[in-house]
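# Structural description and commentary
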Amino acid sequence: MNNTEALSTTGKGTGISTHAQVRRVIICAGTGCMANGAMKVYEQFKREIAGSGLRVILELRAEAAGDEIRLSKSGCQGFCQMGPLVSVVPDGILYTKVRSEDVADIVQQTLAGGQVVERLLYKDPSTRKSCRGLEDNPFYALQNRLVLSECGFLDPEDIHEYMLHGGYRAARKAFVEMSPEEICKTITDSGLRGRGGGGFPTGRKWDAARVQNSAKKYIICNGDEGDPGAFMNRSVMEGNPHSVIEGMMIAARAIGANEMLVYVRAEYPLAVERMRNAVADAEREGILGKDVFGTGLAVKCEVMEGAGAFVCGEETAMIASIEGQRGMPRPKPPFPAQSGLWGKPTIINNVETLAHVSRILNVGSEVFKSIGTKDSPGTKTFALTGHVANTGLVEVPFGTPLREIVYNIGGGVTDDAGKIWKNGFKAVQIGGPSGGCLTEDHLDLPLAYESLRSVGAMVGSGGLVAMNQGTCMVSIARFFMEFTQRESCGKCVLCREGTRQLLALLDDVIEGRADAGTLDLLEKLGHSVQIGSLCGLGKTAPNPVLSTMRYFRKEYEEHVFEKRCRTGRCKALLSPEINQVKCKGCGLCIKACPTGAITGEKKQPHHINPELCIKCGACATACKIHAVEGI
Amino acid sequence: MATTPIAVDGAGRFEKVVSILDRYARRPSGLIPILQAIQHEYLYLPEEVLTYVATSLDIPPARVFGVATFYAHFALEPKGKHVIRICDGTACHVKQSLPVLNALREKLGTTEKSKTTPDMLFTVETVACLGACGLAPVIVIDEQVYGQITPDRAVALVDEIKAMEASPATVTASEQPSGEECHE
């Protein structure tokens, strides 16, 4: 199919309307569902449908008659925990945890019989109600999916499908109808801000590169999503790679760049593969290449895999990495928009930022601005994980309170076994190793760039990790500090040595060596590292420590002064004892103890020798009557 | 049993490096993709190959080693036949990934310093985040992702692989389709 033809017909209705009627079975093929066997389910569907006499098509083409069933894979639908997910549209049914054994029932009862297979529906853990599809499933119904909407619907490996649903129309408009100034102005007017963490206005950034007088300029897509606990960018690259490429093309047109590069984190093999395929398809269709939309302008795109360095998410470090160097940041200014890759003006945008761009051009900046808050317009995708009933990808307008996300969309806080724990909420860590924690007091805080900054946290890339009462906040701070310490590139002394010392101080707290001076020192050093580091990694590295100290000071003090961890997670502070009244002398703990620290006569209360005890907790696990206490 | 991949034996080995270097037009800017391709081939970066790369690209060996040691993905020592990666991202961490790591280390006798078993069959390492947080805790064995893993299940998976390795007939049949094994 000629791409220009496809583009001119889409949007006028001809393409979309015929295809909207096609009944579809969509199997989620994101990383999570694939791990749970989504491909087996897909293959089983092919076999079952073929055997059932129903007509099935695997690729969407203009000549579709209308009575076929389209079987397709989609990108991540965001409800990873319940995968593999299978949806049937337009019936509006979402099946969860589908195994290949279930496929026959879906084909016979739903596709042929028009019935719902009740046992595969999602059950809301708080209300115990079965949810038929997206509309009555609180996880989806309460979201406002813009960037993610097509992730769970389009086949990420089929460029025609993207085009038939209006894809590359905005890029065409940008190249054919708009001037670079107009594009920058539209984006500036929309108020779009960088989704990668900083929140810098995208339009202004582009403008800075646009006015540079240079024959060579670059667009880089930052897909180096390094924050542990965040996977928004992975899902978009896997689920709708063309939206990212289209956003990059519009950016390229806006600043006058002819080379684009996608820098993807190497831990995301599926995202790398899908981005590479998407680039190849766009080239084959003539969308990327020497003569874009007949304008005579050339744009090419490459995909590069990162090599595993968190700091490369920082713009200047990423540029160094692309140039084949150690990924170490350099001072700004000059900003990359003035002098970036190979000394040329370069714009680096986050995946999610770019995925918003084509929509803004399609619907206009006013419509985009109508969602979200005044200073933070639009929606933001969060990766909701940790101790909540529904984990997954969540897209909500800026300004949505945390309570809505944790309790309504997330379904509430759970214990370690995954059961709902009423009043179990302790904190939410937002923004990964650069962010901070939010407590119960912040549950009604609207999530937006400024409001979060005012309480010592940040939007960051959007990781939201919910933690229950059983989580030790000092250990969490240590976890993040260990991460940033390991990832510090070593350029700035305060970051390199300071994070190491902060980690050592936290170890002192956790292992019972801390005294009154430790907490002061932690705070002082934390502030010094913030001031004395060049890039975002060092500047924000102490945030998790400072923010947990601010909101959970009491917990720190218990560790320091009482040598006690209220959650029992800090092993060194434990002193297990056998309750002499409860103990029946059954001997189970003696058998379980790996170091022979427990002694006692049969039917007599046993004792733990603290010299030999390694505080592993095996005795407590073995004891059936919970007589081992303090662990 | 499994043989240690030998870095360079004979001219035949360098041919692959040469073809990789040619693919990237011997430009120093392509150093990272070049090293990635070499590691894909040898499963690690042998020292001799690194110096060869430096000479070919006409850059100091210190720069090649500097890059190779900077990035977490590059391994300067050979890895085991089966690589087990335990995700220790935030989500996995709060959902108890450490007990899984400890169970695997105990089972295989590896430590933080020595990640590979002496028989070169297993390497146990941690990774910051695999982006499969919805399935936390997660481990990856030879590119296959296992979600909501427990220490017991992880150990059972290792036992399965060991059993498979012990009966050579089944190895080829049930091998994952991921990266080719050493093809000499």
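What you are looking at is a predicted structure, and each value in this text was computed from that prediction instead of being measured.

### Looking at the overall build of chain B
Along its length, chain B carries eight helices and four strands. What you see in chain B, going N to C, is helices and strands ordered as α-α-α-α-β-α-α-β-β-β-α-α. Going through the 184 residues of chain B one by one, you find that 37% of them count as buried. Contacts spanning at least 24 positions in sequence make up 63% of the contacts within chain B whose residues lie at least 6 apart.

### Overview of the pairing of strand S15 (residues 436-439) of chain A
Residues and elements named next belong to chain A. With four bridges connecting them, strand S14 (residues 425-430) and S15 associate as antiparallel partners. Looking across to S15, one finds that Val-428 is bridged to Leu-438. Here S14 folds back onto S15, and the loop between the two strands holds five residues, one of which, Gly-431, carries a positive phi near 85°.

### Focus on the environment of Lys95(B)
In this fold, Lys95(B) is placed in the loop between helix H5 (90-94) and helix H6 (98-108). Once you skip the residues sitting within four places of it in the chain, Lys95(B) turns out to touch Ala136(B) and Pro137(B).

### Section: the interface of chain A and chain B
Taken together, the contact pairs 42 residues of chain A with 33 residues of chain B. Going through the elements one at a time, helix H3 (31-35), strand S10 (300-305), strand S12 (379-386), strand S16 (463-468) and helix H19 (473-487) of chain A are the ones with two or more residues in the side of chain A that touches chain B. Of the residues contributing to the side of chain A that touches chain B, the split by class is 15 nonpolar, 20 polar and seven charged.

### What to know about the pairing of strand S1 (residues 82-87) of chain B
Residue and element names in this part refer to chain B. A large share of S1 lies buried, amounting to five of its six residues. By the bridge criterion, six bridges tie S1 to strand S2 (residues 122-127) in an arrangement that is parallel. The partner of His-82 across the bridge, within S2, is Phe-122. With three bridges connecting them, S1 and strand S3 (residues 139-141) associate as antiparallel partners.

### Concerning the sheet that holds strand S4 (residues 86-89) of chain A
Residue and element names in this part refer to chain A. In spatial order, the strands read S2-S3-S1-S4-S5; together these five strands make up an open sheet with mixed pairing. Here the strands that pair on one side only, and so sit at the sheet edges, are strand S2 (56-57) and strand S5 (93-95). Note that S2 and strand S3 (residues 69-74) share two bridges and pair parallel. Of the residues in S3, the one forming a bridge with Ile-57 is Arg-70.

### Concerning the environment of Lys584(A)
Within the element layout of this structure, Lys584(A) appears in the loop between strand S17 (577-578) and helix H25 (588-592). Taking the C-alpha atoms as reference points, Lys584(A) and Ala627(A), 43 residues apart in sequence, are found 8.7 Å from one another.

### Quick word on H6(B)
All names here are of chain B. Listing the buried residues of H6 in full gives Val-100, Leu-101, Leu-104 and Leu-108. Along the axis of H6, the buried positions cluster into a sector of 100°, meaning they face one direction only. Residues of H6 that are buried make contact with S1, S2, S3 and helix H7 (151-166). Within two residues after H6, Gly-109 carries a phi angle of roughly 70°, on the positive side.

### Section: the domain arrangement of chain A
If you check the domain split of chain A, you get domain 1 (3-134), domain 2 (159-369), domain 3 (379-471), domain 4 (474-562) and domain 5 (574-629). Placing a centre on the C-alpha atoms of domain 1 of chain A and another on those of domain 2 of chain A gives a separation of 31 Å.

### What about the domain arrangement of chain B?
Splitting chain B by domain gives domain 1 (11-70) and domain 2 (82-170). Spacing between the C-alpha centres of domain 1 of chain B and domain 2 of chain B amounts to 29 Å.

### Description of helix H2 (residues 31-42) of chain B
Each turn of an α-helix holds 3.6 residues, which means side chains three or four residues apart point in the same direction. Residue and element names in this part refer to chain B. In this model, H2 (twelve residues) spans 16 Å end to end at C-alpha, consistent with the 16 Å of a helix rising 1.5 Å per residue. Regarding H2, the residues found buried are Leu-31, Ile-32, Ile-34, Leu-35, Gln-36, Ile-38, Gln-39 and Tyr-42. Among the residues trailing H2, Leu-43 stands out with phi positive, at a value near 70°.

### Digging into the packing of helix H11 (residues 232-239) of chain A against helix H13 (residues 269-284) of chain A
All names here are of chain A. Following both chains from N to C, one finds H11 and H13 inclined at 40°, their axes separated by 8 Å at the closest point. Here H11 runs over H13; the crossing is left-handed. Note on element contacts: H13 touches H11 through Leu-270, Ala-271, Arg-274 and Met-275, opposite Arg-234, Met-237 and Glu-238.

### Examining unusual backbone geometry
A cis amide bond links Gly83(A) to the next residue, Pro84(A), at an omega of -5°. With respect to the helices and strands, Pro84(A) occurs in the loop between S3 and S4. In the segment running from Val89(A) into Pro90(A), the intervening peptide bond is cis, with an omega of 0°. Looking at the element boundaries, Pro90(A) is found in the loop between S4 and S5. The backbone of Arg26(B) sits at a positive phi, close to 50°, despite the residue not being glycine. For Leu43(B), which is not glycine, the phi torsion reads 70° and is therefore positive. Structurally, Leu43(B) can be placed in the loop between H2 and helix H3 (47-57).

### Quick word on the sheet that holds S1(B)
All names here are of chain B. Spatially, S2-S1-S3-S4 is the arrangement adopted by the four strands of the open sheet, whose pairing is mixed. Of all the strands in the sheet, the pair left with one neighbour each is S2 and strand S4 (144-146). With strand direction ignored, the average angle separating the axes of adjacent strands in the sheet is 20°. Running at roughly 160° to S2, H6 makes contact with S1, S2 and S3 of the sheet.

### Here's the deal with the nonpolar core
Formed by 228 residues in total, the largest nonpolar core has its most connected members in Ile27(A), Met248(A), Ile250(A), Ala251(A), Val428(A), Leu506(A) and Val138(B). For this core, the element with the most residues is helix H12 (residues 241-255) of chain A, which contributes nine residues. Ranked by size, the runner-up nonpolar core spans eleven residues in total, among them Ile578(A), Cys619(A), Ala620(A) and Ala627(A).

### Some points on the confidence of the model for chain B
All names here are of chain B. Looking at chain B, the pLDDT average stands at 84 and 84% of residues meet or exceed 70. In the model of chain B, helix H8 (residues 168-174) stands out as the element of lowest mean pLDDT, 50, in contrast to helix H4 (residues 61-70), which has the highest, 96. Across residues 1-9 the pLDDT falls below 50, and counting only partners more than four positions away or on other chains, this stretch makes 19 contacts in the model. Note that pLDDT drops below 50 for residues 171-184; the model gives that stretch ten contacts with residues more than four away or on any other chain. Across the interface, the model reports ipTM at 0.84; the global pTM reads 0.87.

What counts as what
- Residues numbered from 1 in each chain as written.
- Chains lettered and ligands numbered in written order.
- Predicted model: local features only at pLDDT ≥ 70, side-chain atom pairs only at ≥ 80, totals over all residues.
- Helix = DSSP H or I, 4+ residues; strand = E, 2+ residues; numbered from the N terminus.
- Buried ≥ 20, exposed ≤ 12 C-beta atoms within 10 Å, placed from the backbone.
- Contact = placed C-beta atoms within 7 Å.
- Pairing = 2+ DSSP bridges.
- Nonpolar A, V, L, I, M, F, W, Y, C, P; charged D, E, K, R; others polar.
- Arc of directions from axis to C-beta.
- Domains from an automatic or database assignment.
- Expected span 1.5 Å × (residues − 1).
- Axes fitted to C-alpha atoms, helices over the stretch in contact; angles between N-to-C directions.
- Left-handed = near helix turned anticlockwise from the far one by under 90°.
- Core = buried A, V, L, I, M, F, W, Y, C linked by C-beta atoms within 7 Å.
- pLDDT = per-residue confidence, 0-100.

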